[in-house]
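# Structural features, examined
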Amino acid sequence: MASILDEYEDSLHRSAAVQHSRASVGIPHSGYVNARLEKETPIFNKQRIDFAPPEKINSLVVSSNQLCMSLGKDTLLRIDLGKPDEPNQVELGRKDEAKVYKMFLDHTGSHLLIALNTSECLYLNRSVQKVRALSRWKGHLIESVGWNKFLGTETNTGPILVGTSQGQIYEAEISVSEGSLFSTNPDQYFRQVYTLEEESGPAPVCCLEIERGIEGKFFIIATTQKRLFQFVGKVPEGTEQQGFSSIFALHADHLPSFREFPASFGFSEIAFYTPKLRSSPRSFAWMMGNGVLYGTLDYSRPDSILSDERVWVYPSDIDITVNKPISIVLTQFHFLLLLPDRVKAVCTLNGQVVFQDMFLEKFGLLTRMIKDPTVQQIWIHTEKVVFRYHVQRESRDVWKMYMNMNKFDLAKEYCKDRPECLDTVLAKEAEHCFQNKRYIDSAKCYALTQSYFEEIALKFIEAKQEEALMEFLIKKLSNLKPSEKTQTTLLTTWLTELYLNWLGVLEGDPSQRNLYLDTREKFRTFLSSPKNKDCLFNNRASIYELLASHGDTEHMVYFAVIMQDYERVVAHHCQHDEYDEALNVLSRHRDEKLFYKFSPVLIQHIPKKVVDAWISMGSRLDARNLIPALVNYSQSASTQQINEAIRYMEFCVCQLEETQQAIHNYLLSLYALCRPDSLLSYLEQAGTNPNRIHYDLKYALRLCAEHGHHHACVHIYKVMELYEEAVDLALQVDVDLAKSCADLPEDDEELRKKLWLKIARHVVQEEKDVKKAMACLSSCALLKIEDVLPFFPDFVTIDHFKEAICNSLEDYNKHIEELKREMEEATQSAKRIREDIQEMRNKYGSVEPQEKCAACDFPLLNRPFYLFLCGHMFHYDCLLQAVFPNLPAYKQAKLEDLQKKLAATSQPSKSHHRPKDADTISLGKGQQSREQIKADIDDIVAAECVYCGELMIRSIDKPFIDPQKYEEEMQSWL
């Protein structure tokens, strides 16, 4: 018995492997796809359980992976399908002839009810091994049980409903616990709540089902052979444990709502389908005499949860008088009918038989078919064999059925992960919409298919459905990949043309005003779509041509703004004399290049606003690039308009502190032309330092001279340090101005005197004012009366400048006395110097015999030496060796030359026949020359002590070891 489900886990592994291989096929998501990529496995895959029962199988139930099987007369086999190798066998312990009539297993797989043909009922809990008899249930042949899925636990069933063969419905509760298992009956109570009847009287209760709706409403479904009853009512919150008596009490005086069918084959069975992720069934199938009543369950309905009901008649090969159905099982899209020798699967969507499985005679007649709702497995058994069906991808072909029923939304829902099927559904839906003249919906569907683009486009063109064609193109465009640039360009250009045509048609029809506005908004949305931005930008020239060909300037401007082609926008406004709008565009987008380009046009018409815009741009604008616009404008404008140009130039100079020469020169030209009063103040504010002046001095001088601004010219002369020209020009304007110029060359007394003489000559000769000439003498200390006298005419009397002559004579006398005093001081100083020289000649020092050279530390008196006032003594050669490297190059060369000359004078004469007098004269001259050479050498070598003089200070940064001899010295220490 341990091998009853030995293939259970193996089958699960095989199913997972098939699904994995299917997932790895890799169906493409675009382009044309194949309808089949692999051989489809059957939806209902049968597997025979390798199990040979020792006794015949009476009954079999499965729930929550718990399987219970009645074998023979007294044996019960329980198997946890999660552990199929650990079956559990329980003996019923009956000694009479009682047989198992039916078994009922709750949704948790914990509570098992065993109905016997002797109108008795046994109970077995999953956690115990002993079967208990339910004494209160005795005398009733149990036909059906309605389990409580909301309050039931593993130890307590909660209130449940029990249907008998006599039509009674009882409410009961079973509870079990370890502490009271052997001392208390498990059935808590067992009371009748209702009796079901048909025309002939009470009828067996074939099926019971309890479901809970919204707002605490409960629905109870009960079936007989011909009727399906519904009991609806609310159970007050908190009283659910008290049972369902209150619901049945509502129908004590009248029959509940029911469905009845005339035919009957002695029993009926109802099956429910519950999705895995839901706790309540979603659909039902009632097998009765006339066929199968199929429908959905709508828990929001007030009186009946049965919805969308329809009856599917049995297939033609089923004769209910001969081979009537035995059981029914409901899946998501099929119900399975169990016949004595076969299984038929009928699609709930169209009533067609989609699967039939024949069983061999050797297996015996089929007895029962049940389904485990938790794992969606279907079990079938005979008296000898057990079979199991796996439901695999049941919805694989559902899309076709929905498509044929024109339920396209549902069809797409069931093939959304199968591109090849989805394409077929979309094509069919598109064609259906087209045939029904729903062109817009058809276009949307066609755009999602892989149908030929040209074929679909021509289809809408032939039908003269431009709006639908546009919708098709828009959807097609949205589905293109970024890499499909050619297709994107084609669709974008075509859509633009269609939009423009459509707008042109609607604009001329006043009755279509609202449609026109809506279409215009769609067109603008299309142009501004971020997805189309790159394509439109790359093909903007073509778009501009299309817009221009339709004369749609409004959208041309709109498109230019989207493309940030503000140059075209501004040019459009300027062409239509919309200068304020053009300036607004410039001010809003603040593009410097556009300002430079369009300022010459705008300033001709709105100068003040343009200058305000320039000022608002601040330093972002380069004023040099705006000068051409200002020059053209100022040449043809009035003085008032030129003031705007001056205002902007002043802003650049004063606020932005511009230093560009062109800007300052242009401002100077404007001042010279229109504001001479501001010219001089500007020049004075610029200062007199040529290095800090930003305008061109020569240009400014020429400009001021052309316009006759002499004060400005004088100022510029002063800045250029052309004082003579400044004084000459100033004398033509104002003598005081000339005087201020004459005092400027402070470091050049000769020039300053010359300038004052110019002023004095002008005063005397031009103005003939003697008093003013005398004032010039008092203003400049460099001028004397004798400098000015030549300028006066001969007839001028001395009385006018007698005082000045007297003052001049007194100054001369003072100067003579001062010179005498300086000569006496110089004489005394020369005398003292001669005395000091004589004293130095007689000065001497003493040297002891043991004194040594400060450099070589050898006795000093062995060789010629030097004695310094500081007390240091050096041999001549030692001192020369120490001083020579530190001498400048020119002194080194001079010293070497003197040494050569000294060596030449010490050589004896080669001539032996010279006259005596000549030799004496030559010797005398040679001795004198030798002494002079030695003196020159001493001046270079012994100028100062090598240890105490500046030589030691200058050599403080020199290393002790010569860098060139460093390596040699370092090696000597190793």
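Let me begin by describing the structure that accompanies this report.

Criteria and cut-off values
Residues numbered from 1 in each chain as written. Predicted model: local features only at pLDDT ≥ 70, side-chain atom pairs only at ≥ 80, totals over all residues. Heavy atoms only, no water. Helix = DSSP H or I, 4+ residues; strand = E, 2+ residues; numbered from the N terminus. Buried < 20%, exposed > 50% of the residue type's maximum accessible area, 1.4 Å probe, protein only. Contact = heavy atoms within 4.5 Å. Areas by Shrake-Rupley, 256 points an atom, 1.4 Å probe, with all protein chains shown as cover. Phe/Tyr/Trp six-rings, centres within 6.5 Å; stacked < 30°, edge-to-face > 60°. Pairing = 2+ DSSP bridges. Axes fitted to C-alpha atoms, helices over the stretch in contact; angles between N-to-C directions. Parallel < 35°, antiparallel > 145°, perpendicular 65-115°, else oblique. Left-handed = near helix turned anticlockwise from the far one by under 90°. Nonpolar A, V, L, I, M, F, W, Y, C, P; charged D, E, K, R; others polar. Core = buried A, V, L, I, M, F, W, Y, C linked by side-chain atoms within 4.5 Å. Salt bridge = Lys/Arg side-chain N within 4 Å of Asp/Glu carboxyl O. Arc of directions from axis to C-beta. Patch = residues over 30% accessible without salt bridge, like charges linked within 9 Å, V, L, I, M, F, W, Y side chains within 5 Å. Lys, Arg positive; Asp, Glu negative; His and termini not counted. Charge placed at Lys NZ, Arg CZ, Asp CG, Glu CD.

To continue, consider the overall build of the protein. Within the protein one finds 34 helices and 32 strands. Buried residues in the protein amount to 43% of all 974 residues. Nonlocal contacts in the protein, meaning residues at least 24 apart in sequence, comprise 52% of its contacts between residues at least 6 apart. For the protein, the computed accessible surface area is about 53,400 Å², with 50% contributed by carbon and sulfur atoms.

For the rest of this paragraph, the subject is the packing of aromatic side chains. Taken as a whole, this structure holds 29 aromatic pairs when the rule is applied. Their ring planes at 85° and their centres at 6.2 Å tell us that phenylalanine 355 and tyrosine 389 sit as a pair that is edge-to-face. Linking phenylalanine 355 in strand β27 (residues 353-358) with tyrosine 389 in strand β30 (residues 386-391), this pair joins segments that are 34 residues apart in sequence. With respect to burial, phenylalanine 355 and tyrosine 389 carry one shared label: buried. Between tyrosine 682 and tyrosine 695, the aromatic rings sit 6.0 Å apart at their centres with planes inclined by 45°, giving tilted as the arrangement. One end of the pair, tyrosine 682, is in helix α21 (residues 676-686); the other, tyrosine 695, is in the loop between α21 and α22 (697-706), with 13 residues separating them in the sequence.

A few words now on the sheet that holds strand β9 (residues 132-133). Here we have 4 strands laid out as an open sheet, ordered β6-β7-β8-β9, and antiparallel in their pairing. What marks the edges here is a single partner per strand, and that holds for β6 (100-105) and β9. As judged from the 2 bridges shared by strand β8 (residues 121-125) and β9, these two strands associate in the antiparallel manner. Within the sheet, the bridge partner assigned to leucine 122 lies in β9 and is alanine 133.

What follows deals with the packing of α22 against helix α23 (residues 710-719). At their nearest, the axes of α22 and α23 sit 9 Å apart, and the two run at 160° to each other. When the interaxial angle is binned, α22 and α23 end up roughly antiparallel. The element α22 and its partner α23 pack so that their crossing is left-handed. Residues Leu697, Ala700, Leu701, Cys704 and Ala705 of α22 touch α23, and the partners they reach there are Ala712, Cys713, Ile716, Tyr717 and Val719. Residues that form the contact of α22 with α23 fall into these classes: 10 nonpolar, no polar and no charged.

The next thing to look at is the nonpolar core. Of all hydrophobic cores here, the largest spans 107 residues; its most connected members are Phe460, Phe472, Leu602, Trp614, Tyr648 and Met649. Counting residues per element, this core draws most heavily on helix α19 (residues 639-655), at 8 residues. Apart from residues lying up to four places away in sequence, tyrosine 648 is in contact with Val611, Trp614, Ile615, Leu621, Ala623, Leu626 and Leu630. In terms of nonpolar packing, the next biggest core, distinct from the first, is built from 21 residues, Leu860, Tyr866, Phe868 and Leu895 among them.

What follows covers the pattern of salt bridges. Scanning the entire structure with this criterion turns up 29 salt bridges. In this structure, the salt-bridge partner of lysine 149 is glutamate 209, at a minimum N-O distance of 3.1 Å. Note that lysine 149 is positioned in the loop between β10 (142-146) and β11 (160-164) and glutamate 209 in strand β16 (residues 207-212), a separation of 60 residues in sequence. Given the relative accessible area of 25%, lysine 149 is considered partly exposed. We note a salt bridge from arginine 647 to aspartate 612, for which the minimum N-O separation is 3.0 Å. With a gap of 35 residues between them, arginine 647 in helix α19 and aspartate 612 in helix α17 (residues 607-617) connect regions that are remote in the sequence.

The next point concerns the packing of helix α15 (residues 579-589) against α17. Packing of α15 against α17 leaves a shortest axis separation of 11 Å and a crossing angle of 0°. Our classification of the angle between α15 and α17 gives roughly parallel. Residue-level contacts link Asp580, Leu583 and Ser587 of α15 to Lys609, Val610 and Ala613 of α17. Class assignment for the residues of the contact of α15 with α17 results in 3 nonpolar, 1 polar and 2 charged.

It is worth spelling out helix α11 (residues 530-538) at this point. Taken as a whole, α11 has its buried residues at Asn532, Cys535 and Leu536. Taken end-on, α11 shows its buried residues confined to a sector of 100°, consistent with a single buried face. Across from the buried face of α11, at angles greater than 90 degrees, the exposed residues are Pro530, Asp534 and Asn538.

It is worth spelling out the side chain of asparagine 125 at this point. On the secondary structure map, asparagine 125 appears in strand β8. Overall, asparagine 125 belongs to the buried group, its relative accessible area being 2%. For asparagine 125, the contacting residues outside a window of four places in its chain are Arg78, Ser110, His111, Glu154, Thr155 and Val176.

With that settled, the discussion passes to a negative patch on the surface. A cluster of acidic residues, Glu818, Glu822, Glu824 and Glu825, forms a negative patch at the surface. In this fold, glutamate 824 is placed in helix α29 (residues 802-841). For glutamate 824, a relative accessible area of 56% translates into the label exposed.

What follows concerns a positive patch on the surface. A contiguous patch of positive charge, built from Lys56, Lys73, Lys95 and Lys99, is present on the exposed surface. With respect to the helices and strands, the residue lysine 95 is situated in the loop between β5 (88-91) and β6. Classification of lysine 95 as exposed rests on a relative accessible area of 80%.

Mapped onto the secondary structure, phenylalanine 472 falls in helix α8 (residues 466-479). A relative accessible area of 1% places phenylalanine 472 in the buried class. Distance in space between the C-alpha atoms of phenylalanine 472 and tyrosine 439 is 9.6 Å, their sequence separation being 33 residues.

Sheet strands pair by backbone hydrogen bonding; their relative direction is either parallel or antiparallel. If you walk across this open sheet you meet the 4 strands as β10-β11-β12-β13, and the pairing is antiparallel. Each edge of the open sheet is held by one strand with a lone partner, namely β10 and β13 (187-195). Taking the axes of each pair of neighbouring strands and ignoring which way they run, one obtains an average angle of 25° across the sheet. Relative to β13, strand β12 (residues 168-174) runs antiparallel, the two being bridged by 7 bridges. In the strand pairing of β13, glutamate 171 is matched with arginine 191.

What follows deals with the pairing of strand β20 (residues 269-273). The buried count for β20 comes to 5 of 5 residues, which makes it a mostly enclosed element. Burial of the side chains of β20 extends over both faces: Glu269, Ala271 and Tyr273 are buried on one face and Ile270 and Phe272 on the other. Direction of pairing for β20 relative to strand β21 (residues 283-288): antiparallel, over a ladder of 5 bridges. Across the sheet, residue glutamate 269 finds its bridge partner in β21, namely methionine 287.

Another aspect to go through is the environment of phenylalanine 51. Topologically, phenylalanine 51 is positioned in the loop between β1 (44-48) and β2 (57-63). Given a relative accessible area of 6%, phenylalanine 51 falls into the buried group. C-alpha separation for the pair phenylalanine 51 and valine 385, spaced 334 residues apart in sequence, amounts to 7.0 Å.

Attention now moves to α15. Among the residues making up α15, those that are buried are Tyr579, Ala582, Leu583, Val585 and Leu586. Axial view of α15: buried residues confined to an arc of 155°, hence all on one face. Positive phi shows up at arginine 590, right after α15, with a value of about 50°.

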